[in-house]
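# Reading the structure
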Amino acid sequence: MMSRIRAKDTKPEMAVRRMLHALGYRYVLHDKRLPGKPDLVFPSRRKVVFVHGCFWHGHSCGRGFRPSSNAAFWAAKIDGNRARDRRNVRAIRAMGWRVLSVWECAAQPRKIDALQRRLVAFLES
Ligand SMILES: [Zn+2]
């Protein structure tokens, strides 16, 4: 199951991309010039959006469970991802950009309207 969770082009990220594209926003994907290769980059607005998988980035929701087998391995892996996320956000902000991180679970169909309001508010602020 885990091997099928890919880092790029995940379903929640695609939902966010489709939504913002339909609203007329244009963005660069996975821009390597910025720390952490943010999922969506809005160069003229100097803003980036990360869409984090709840499992890999250790969200405090049901999807952010930690497997009980190999617990030490998963703790190191997920805590490492979280630490790297924080470093990336700090580094991007230090470059004068603004960052919004959204969780995969916020891109579920029943929550997508609220997510859309958050994204638009961020991009238009
Ligand atoms: Zn979550």
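Residues numbered from 1 in each chain as written. Predicted model: local features only at pLDDT ≥ 70, side-chain atom pairs only at ≥ 80, totals over all residues. Heavy atoms only, no water.

## What to know about the pairing of strand E3 (residues 47-52)
Taking burial as the measure, the six residues of E3 include six buried ones, the bulk of the element. What you see with E3 is no split at all: Lys47, Val49 and Val51 on one side and Val48, Phe50 and His52 on the other are buried throughout. What sits between strand E2 (residues 40-42) and E3 in their antiparallel hairpin is a turn of four residues, with Arg46 showing a positive phi close to 50 degrees. In this structure, E3 lies alongside strand E4 (residues 98-103), joined through six bridges in parallel fashion. Paired with Phe50 across the bridge in E4 is Ser101. Running through helix H2 (residues 71-94), the crossover from E3 to the neighbouring parallel element E4 is right-handed. (Buried < 20%, exposed > 50% of the residue type's maximum accessible area, 1.4 Å probe, protein only. Helix = DSSP H or I, 4+ residues; strand = E, 2+ residues; numbered from the N terminus. Pairing = 2+ DSSP bridges. Right-handed = clockwise from strand over helix to strand, strands pointing away.)

## Thoughts on the sheet that holds E3
Spatially, the four strands line up as an open sheet ordered E1-E2-E3-E4, and their pairing is mixed. Because the sheet does not close on itself, it has two edges, and the strands there are strand E1 (28-29) and E4. Direction of pairing for E2 relative to E3: antiparallel, over a ladder of three bridges. Along E3, the bridge assignment pairs Phe42 with Lys47. Contacting E2, E3 and E4, helix H3 (residues 112-124) runs over the sheet at an angle of about 175 degrees to E4. (Contact = heavy atoms within 4.5 Å. Axes fitted to C-alpha atoms, helices over the stretch in contact; angles between N-to-C directions.)

## A look at the nonpolar core
Formed by 17 residues in total, the largest nonpolar core has its most connected members in Val16, Leu20, Phe42, Val49, Leu115 and Leu119. Taken together, the elements giving at least two residues each to this core come down to helix H1 (11-22), E2, E3, E4 and H3. For this core, the leading source of residues is H3, giving four residues. For Val16, the residues in contact, after removing those within four places along its chain, are Leu40, Val51, Ala107, Leu115 and Leu119. Counting eight residues, the second largest nonpolar core, distinct from the first, contains Leu34, Val48, Phe50 and Val99. (Core = buried A, V, L, I, M, F, W, Y, C linked by side-chain atoms within 4.5 Å.)

## A look at unusual backbone geometry
Even without glycine at this site, His30 takes up a positive phi of about 50 degrees. Judged by its relative accessible area of 11%, His30 falls in the buried class. In this structure, Arg46 is a non-glycine residue whose phi angle is positive, near 50 degrees. In this fold, Arg46 is placed in the loop between E2 and E3. For Arg46, a relative accessible area of 39% gives the class partly exposed.

## A word on the coordination of the zinc ion
Ideal geometry at a metal centre gives angles of 109.5 degrees when four donors are arranged tetrahedrally and 90 or 180 degrees when six donors are arranged octahedrally. At 2.0 to 2.4 Å from the zinc ion lie its protein donor atoms, namely Cys54 (SG), His59 (ND1), Cys61 (SG) and Cys105 (SG). Geometry at the zinc ion is tetrahedral, judged from its four donor atoms and the angles of 100 to 118 degrees they form at the metal. Mapping the donors of the zinc ion onto the primary sequence gives the spacing C-x4-H-x1-C-x43-C. In this pair, Cys61 sits in the loop between E3 and H2 while Cys105 sits in the loop between E4 and H3, placing the two residues 44 residues apart along the sequence. (Donors = N, O, S within 2.8 Å, 3.2 Å for Na, K, Ca; no water. Tetrahedral: all angles 85-135°; square planar, octahedral: opposite > 155°, others 65-115°.)

None of the figures reported here should be taken as evidence of function without further support.
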